[in-house]
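Results of the structural survey
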Protein chains: 2
Amino acid sequence: MSFKVITEHNDARTGLLKTSHGEIQTPIFMPVGTRATVKAITNDELLEMGAQIILGNTYHLHLRPGEDNIKTLGGLNKFMNWKKPILTDSGGFQVFSLSKLNKISEEGVEFRSHLDGSKHFFSPESSMQIQMDLGSDIIMAFDECLGHPATKDQIEKSMAMTHRWLKRSKAAMTRKESKLFGIIQGGLNLETRLKSLDQICSVDLPGYALGGFSVGEPIEMMHELVKVVGPKMPKDKPRYLMGVGTPKDLILSIDAGIDMFDCVMPTRVARNGTLYTWQGKINIKRAEYKLDSGPLDPECDCNVCTNYSRAYLRHLFASGEMLSARLNTYHNLYFYLKLMERAREAINNGTWDEYRDDCLKRFG
Amino acid sequence: MSFKVITEHNDARTGLLKTSHGEIQTPIFMPVGTRATVKAITNDELLEMGAQIILGNTYHLHLRPGEDNIKTLGGLNKFMNWKKPILTDSGGFQVFSLSKLNKISEEGVEFRSHLDGSKHFFSPESSMQIQMDLGSDIIMAFDECLGHPATKDQIEKSMAMTHRWLKRSKAAMTRKESKLFGIIQGGLNLETRLKSLDQICSVDLPGYALGGFSVGEPIEMMHELVKVVGPKMPKDKPRYLMGVGTPKDLILSIDAGIDMFDCVMPTRVARNGTLYTWQGKINIKRAEYKLDSGPLDPECDCNVCTNYSRAYLRHLFASGEMLSARLNTYHNLYFYLKLMERAREAINNGTWDEYRDDCLKRFG
């Protein structure tokens, strides 16, 4: 794997990330394929909408169908017939948010499956092994995810363990096609964030991420921290802001030099009828769309906007039809990927400031 | 609308049915799009798999979004962006099977919506009006659907009313692009069936259907009746067997001269993991498929069989992923449409007996 910055505009930049499953142009949004599928969407559709890399969740895939089965079947790419790169998280975040009865020790985390209550144990070493068995191109270090609020003492202790776990994660890496990203924690406090940045980036790695956001904090806290911390992350490595966010969050973060994003939001809210358009967010269930024969988003050229009316999309949603979730998800992902494509163009063409300000006006 | 028999082989035949939305080659299976969508499937996919006509349900569309709204939006074809022919049922069957508190009189049926309990009334005249407002190419007469078992007296009374309702249905037709099919009832008794055939076919119409099957009777009763009644239906008109059935049912019915079929089964069972293959029916949830890297059906060239393994399809089903319903539905519809395409080829090529016997061996 290699990463090269292509164009810079102040802190914003475009780049090219090469993996064993192909190249990725950054900034990029990665659709989330938790259980070896981006919900309701096929791989052909992901390619059609310009997806360059997707995300898989180690926690879910470990529990079902199990990395041993996926490995036997040739790895996650082959299992789900996705030919482009895959990034997997470490499982840490889900262990803390989904599973029952976590018991954290220096060695790792014991937890019970949210599916059947069975007992499991994740350590830096086992998380790396699972991700390597899945055959991921980008592997995330095993870290502790603190909630919000946390005291400074809790934060300091947690980041120190995350640092030790990172060194163990790195030592456990034995598959040359898989590249390890470290995760900067440090809570919602600038001092501890910068200290974690120093700790994590002192370990030489192919990429670095910001973790521990979207844990219930006021969103302005994240914007302020990313604005300061983003530009201080190593310039010659890809920078990944985990689990974020709205179109506004993405634009502000690109402005702070972030290259990679993932978030379940565009797919999750799609299933509730919330759709992103270039005129802002709308909810398709509203009565005003009942007889609206116009496209969902007149500025969008996706298959949904060119083929179906708002009235039809409203009907599908009101009827609880599966096609509703499918078309809504398609549009929202297309929108997110287009937002990124236009960001890359704007940075490359020297029009980033105008694009950023236009987006903030539309989505702010 | 016109219908022409192309090739005959004993009672089996191929034909060409012309409608205002294009031609249909028969025998044909019509995917069911109850609420203005074939569940989980897009129109592009329907075209890709060779669908020539789909079915809409008058009862459901009347209740939501309402034929007035669909008419305002340009009709059902335009509403759902489906450019090929549409057949709608009369709403009668659903009134009897889904709604609450039916009150049947000579005038029609009063019923309460299964959605919100609101009161509605269907008569032959209102059913025709709704179907014309939807803009259907083929409109089904409003008939009474008796359950099984029924006494001979009940059957006779019901068929007589169905006959009177057919004449009222015909008199109510005012839209020239919409063509009315009459429905032969007569229960599961050969004598009354043949009497209903005479009654219904005495009314000159563009097509005729057999209704009142799949109401809980032993399947052999239907096979025997269709074998006798099918060939006695007018030869120069399309013959439609409503709501049927399994691959075996279709093959036996084509052999008895039936041209058109619809059934929710291939789509409904797909969502429960039951899949039709050229080697017979399988359930994808079975443990034996856990590590099966082979295609769902090695004899099928659909997108699902060429792109995904049984192990992956099993995982999607076990995980309750929407993509499971989507891929399973796609495959089953593709299978049904291919079964029909091969039937047409066999009849046209003079190899119908071999094809029929091979199918009965596979699916019997």
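Just so it is clear, the model here is predicted, and its values are computed rather than measured. (Residues numbered from 1 in each chain as written. Chains lettered and ligands numbered in written order. Predicted model: local features only at pLDDT ≥ 70, side-chain atom pairs only at ≥ 80, totals over all residues.)

**A few points about the overall build of chain A**
Within chain A, the secondary structure is distributed over 15 helices and 16 strands. Its C-alpha atoms give chain A a radius of gyration of 20 Å, near enough to 21 Å, the size a compact globule of 364 residues would have. With the C-alpha coordinates aligned to their principal axes, the bounding extent of chain A is approximately 60 × 45 × 40 Å. A total of 364 residues make up chain A; the buried ones form 54% of that total. Look at the contacts in chain A between residues 6 or more apart in sequence, and 67% of them connect residues 24 or more apart. (Helix = DSSP H or I, 4+ residues; strand = E, 2+ residues; numbered from the N terminus. Rg over C-alpha atoms; globule rule 2.2 N^0.38 Å. Buried ≥ 20, exposed ≤ 12 C-beta atoms within 10 Å, placed from the backbone. Contact = placed C-beta atoms within 7 Å.)

**Structural notes on the domain arrangement of chain A**
All names here are of chain A. Assigned domains of chain A: these are domain 1 (2–263) and domain 2 (264–364). One C-alpha centre belongs to domain 1, the other to domain 2, and the line joining them spans 26 Å. Each partner contributes to the interface: domain 1 provides 28 residues, whereas domain 2 provides 27 residues. Put simply, the parts of the chain that give the side of domain 1 that touches domain 2 at least two residues each are β1 (2–9), β2 (12–19), β4 (28–30) and α10 (247–255). Per element, the largest residue contribution to the side of domain 1 that touches domain 2 is six residues, and it comes from α10. Residues of the side of domain 1 that touches domain 2, tallied by class, amount to 17 nonpolar, six polar and five charged. (Domains from an automatic or database assignment. Nonpolar A, V, L, I, M, F, W, Y, C, P; charged D, E, K, R; others polar.)

**Notes on the confidence of the model for chain A**
Looking at chain A, the pLDDT average stands at 96 and 100% of residues meet or exceed 70. Predicted complex, confidence summary: ipTM 0.97, pTM 0.98. (pLDDT = per-residue confidence, 0-100.)

**Some details on the sheet that holds strand β1 (residues 2–9) of chain B**
Residue and element names in this part refer to chain B. Sheet architecture is open: three strands sit in the order β1-β2-β3, paired in antiparallel fashion. Looking at the sheet topology across the chains shown, the edges are occupied by β1 and β3 (22–26). Within this sheet the neighbouring strands show an average axis-to-axis angle of 15 degrees, counted without direction. Pairing of β1 with strand β2 (residues 12–19) involves seven bridges; the strand directions are antiparallel. When the bridges of β2 are listed, His9 appears paired with Ala12. (Pairing = 2+ DSSP bridges. Axes fitted to C-alpha atoms, helices over the stretch in contact; angles between N-to-C directions.)

**Some details on the environment of Glu45 of chain B**
If you trace the backbone, Glu45 of chain B turns up in helix α1 (residues 43–48). For the pair Glu45 of chain B and Tyr334 of chain B, spaced 289 residues apart in the sequence, the C-alpha separation amounts to 9.6 Å.

**Focus: the relation of the copies chain B and chain A**
Once chain B is rotated about the relating axis by 180 degrees and shifted along it by 0.0 Å, it coincides with chain A to within an RMSD of 0.0 Å. In symmetry terms, the pair is related by a two-fold rotation axis. When C-alpha positions in chain B are compared against the rotation axis, the closest is assigned to Met322 of chain B, at 3.8 Å. Mapped onto chain A, 100% of the interface residues of chain B are again interface residues, and the two copies thus contact each other with one and the same surface. (Least-squares fit on C-alpha atoms with pLDDT ≥ 70 in both.)

**A word on the pairing of strand β3 (residues 22–26) of chain A**
All names here are of chain A. Both β2 and β3 contribute to a ladder of five bridges, which runs antiparallel. Paired with Thr19 across the bridge in β3 is Gly22. In this structure, the hairpin formed by β2 and β3 is closed by a connection of two residues.

**Some points on the interface of chain B and chain A**
Listed by partner, the interface residues are 29 residues for chain B and 29 residues for chain A. Broken down by secondary-structure element, the contributors of at least two residues to the side of chain B that touches chain A are α3 (67–72), α4 (76–80), α13 (310–318) and α14 (322–349) of chain B. Counting residues per element, the side of chain B that touches chain A draws most heavily on α13 of chain B, at five residues. For the side of chain B that touches chain A, the per-class residue count stands at 15 nonpolar, eight polar and six charged.

**Considering the packing of α10 of chain A against helix α15 (residues 352–363) of chain A**
All names here are of chain A. Interaxial distance between α10 and α15 falls to 9 Å at its minimum, and their mutual angle equals 155 degrees. The angle between the axes of α10 and α15 places the two elements in the roughly antiparallel class. For the pair α10 and α15, the crossing hand works out as left-handed. Contact residues: α10 offers Pro247, Lys248, Ile251 and Asp255, while α15 offers Arg356, Cys359, Leu360 and Phe363. When its residues are assigned to classes, the contact of α10 with α15 shows five nonpolar, no polar and three charged. (Parallel < 35°, antiparallel > 145°, perpendicular 65-115°, else oblique. Left-handed = near helix turned anticlockwise from the far one by under 90°.)

**Some points on the sheet that holds β2 of chain A**
Residue and element names in this part refer to chain A. The strand order across the open sheet formed by three strands is β1-β2-β3, and the pairing between neighbours is antiparallel. For this open sheet the edge positions go to β1 and β3, each flanked by a neighbour on one side alone. Each adjacent strand pair in this sheet contributes to an overall mean axis angle of 15 degrees, direction not counted.

**Some details on α14 of chain B**
Residues and elements named next belong to chain B. End to end, α14 covers 40 Å across 28 residues, agreeing with the expected 40 Å (1.5 Å per residue, within 8%). Counting buried residues along α14, 21 of its 28 residues qualify, which places the element largely inside the surrounding structure. Positive phi shows up at Gly350, right after α14, with a value of about 80 degrees. (Expected span 1.5 Å × (residues − 1).)

**Regarding the packing of helix α8 (residues 190–201) of chain A against helix α9 (residues 219–229) of chain A**
Any two packed helices are characterised by how steeply their axes cross, that is the angle between the axes, and by the distance between the axes. All names here are of chain A. Where α8 meets α9, the closest approach of the two axes is 11 Å, and the angle between their N-to-C directions is 40 degrees. Between α8 and α9, the angle falls in the class oblique. Crossing of α8 over α9 shows right-handed handedness. Touching Leu190, Arg193, Leu194 and Leu197 of α8 are Leu225, Val228 and Val229, all from α9. Its residues placed into classes, the contact of α8 with α9 shows six nonpolar, no polar and one charged.

**Some thoughts on the pairing of strand β15 (residues 274–277) of chain B**
All names here are of chain B. Both β15 and strand β16 (residues 280–283) contribute to a ladder of four bridges, which runs antiparallel. Residue pairing for β16: Tyr276 is matched across the bridge by Lys281. Where β15 hands over to β16, the hairpin turn is made up of two residues, counted between the paired strands.

**Overview of α13 of chain B**
For α13 of chain B, a buried count of eight out of nine residues is recorded, marking the element as mostly surrounded by other parts of the structure. Those residues of α13 of chain B that fall on the buried side of the exposure criterion are Arg310, Ala311, Tyr312, Leu313, Arg314, His315, Leu316 and Phe317 of chain B. Those residues of α13 of chain B that are buried are in contact with α4 (76–80) of chain A together with α14 of chain B. Once α13 of chain B ends, the next one or two residues include Gly320 of chain B, with phi positive near 65 degrees.

**Examining the environment of Ser97 of chain B**
Mapped onto the elements of the fold, Ser97 of chain B is located in helix α5 (residues 92–97). Spatially, the C-alpha atom of Ser97 of chain B lies 10.0 Å from that of Val215 of chain B, the residues being 118 residues apart in sequence.

**Observations regarding unusual backbone geometry**
With an omega of 10 degrees, the peptide bond between Val244 of chain A and Gly245 of chain A qualifies as cis. Relative to the helices and strands, Gly245 of chain A resides in the loop between β13 (239–241) and α10. You will see that Asn10 of chain A, though not glycine, has its phi angle at about 50 degrees, which is positive. In this structure, Asn81 of chain B takes a positive phi of about 60 degrees despite not being glycine. Residue position: Asn81 of chain B is located in the loop between α4 and β6 (86–88). Taking the C-beta count within 10 Å as the criterion, Asn81 of chain B has 15 such neighbours and is therefore assigned partly exposed.

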